[in-house]
Amino acid sequence: MDREIVFAKTLEKVKRIAKEQGNCISQKQLEEAFAGLGLRQEQFALIADYLQKHKIGIGELPNPEDSLTGEEKNYLDTYLEELKGIRETGKGEQEAVTLSAMAGDRQAQARLVEIWLPKVVEIAKLYSGQGAYLEDLIGEGNVAVTAGVAMLGCLEHPVEAEGMLGKMIMDAMEDHISDNLAKSGGNQKIADKVNKVADCAEELAKLLQRKVTVEELAQETGLSEEYIREALCLSGSRIEYIAAG
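Residues numbered from 1 in each chain as written. Predicted model: local features only at pLDDT ≥ 70, side-chain atom pairs only at ≥ 80, totals over all residues. Heavy atoms only, no water.

S.K.: Which residues make up the nonpolar core, and what values go with them?
M.R.: Grouped together as the largest cluster of nonpolar side chains are 33 residues, with contacts concentrated most on Leu 112, Leu 137, Ile 138, Val 145, Leu 165, Ile 169 and Met 173. Listed by contribution, the elements that provide at least two residues to this core are α4 (70-83), α5 (91-102), α6 (106-126), α7 (134-148) and α8 (158-183). Top contributing element to this core by residue count: α6, with 10 residues. Residues contacting Leu 137, with those up to four places away along its chain left out, are Ala 124, Tyr 127, Ser 128, Ala 132, Met 173, His 176 and Ile 177. Within the second largest apolar cluster, 17 residues are counted, among which are Ala 198, Leu 223, Ile 228 and Ile 242. (Core = buried A, V, L, I, M, F, W, Y, C linked by side-chain atoms within 4.5 Å. Buried < 20%, exposed > 50% of the residue type's maximum accessible area, 1.4 Å probe, protein only. Helix = DSSP H or I, 4+ residues; strand = E, 2+ residues; numbered from the N terminus. Contact = heavy atoms within 4.5 Å.)

Here you go:
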């Protein structure tokens, strides 16, 4: 089999293993996965960088909030403040609510959706910086969990319900990211947009001797703020010369 095909398949396998382990993979697992390809140290460094951009930690869990923009952090703070009104629940109560929801109890289903709202936020943070806004990811996750609790009647155990709801949330977020990328015209157009904004930001930053804001960049280049913010989001907030916020 072609070496490039083997590499691509191995990389997808590594991502799948990491996802099953909570978006984390050990250095040993990584080295064992690519053992047959005889990669050099600098090639492993590129793989590590790629995994980091996909929110996968090597040896330790990544901090999912590192890629959030200032706007997304403000939204998150406000949204989490709203969620504080939801009564916390223990493991025993959650299991009882899940069982009642599985039996078709509408009140329990509504309560189970509430219980899952903070979990949706944590999952959404793992997918941030990959081409979709955090607010949209949370919205997609909330829709998925609301639909999911009405579909639990076919299951037998609460642990199955947790697995099903978690998968539905992740699938919904991944589908939304894929749709966003498709609407943006594919990877090449995305790269062109990011590179264009990055080049303009670098030029202005060197002129001003500091990082620039989105507003300054829009004023100086004629690009819309929406265009610049979208490029910033698609890059995972990694356009070096634009200030956070």
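S.K.: I'd like a rundown of α5, residues and numbers included.
M.R.: A rise of 1.5 Å per residue sets the reference length of α5, with its 12 residues, at 16 Å; its end C-alpha atoms lie 16 Å apart and thus fit the reference within 8%. The complete set of buried residues in α5 reads Gln 94, Val 97, Thr 98, Ala 101 and Met 102. Taken down its axis, α5 places every buried residue within 135° of arc, on the same side. Among the residues trailing α5, Gly 104 stands out with phi positive, at a value near 100°. (Expected span 1.5 Å × (residues − 1). Arc of directions from axis to C-beta.)

S.K.: Go over the pattern of salt bridges, please, and point to the residues and values.
M.R.: Evaluated as defined, the whole model comprises 12 salt bridges. In this structure, Lys 15 engages Glu 12 in a salt bridge whose closest nitrogen and oxygen atoms are separated by 3.6 Å. With Lys 15 and Glu 12 both in helix α1 (residues 3-20), this residue pair falls three residues apart, about one helical turn. One salt bridge connects Arg 111 with Glu 114, and the closest N-O pair in it is separated by 3.2 Å. Here Glu 114 and Arg 111 lie together in helix α6, a separation of three residues that amounts to about one turn. (Salt bridge = Lys/Arg side-chain N within 4 Å of Asp/Glu carboxyl O.)

So, to be careful, I would describe these as geometric facts and stop short of saying anything about function.
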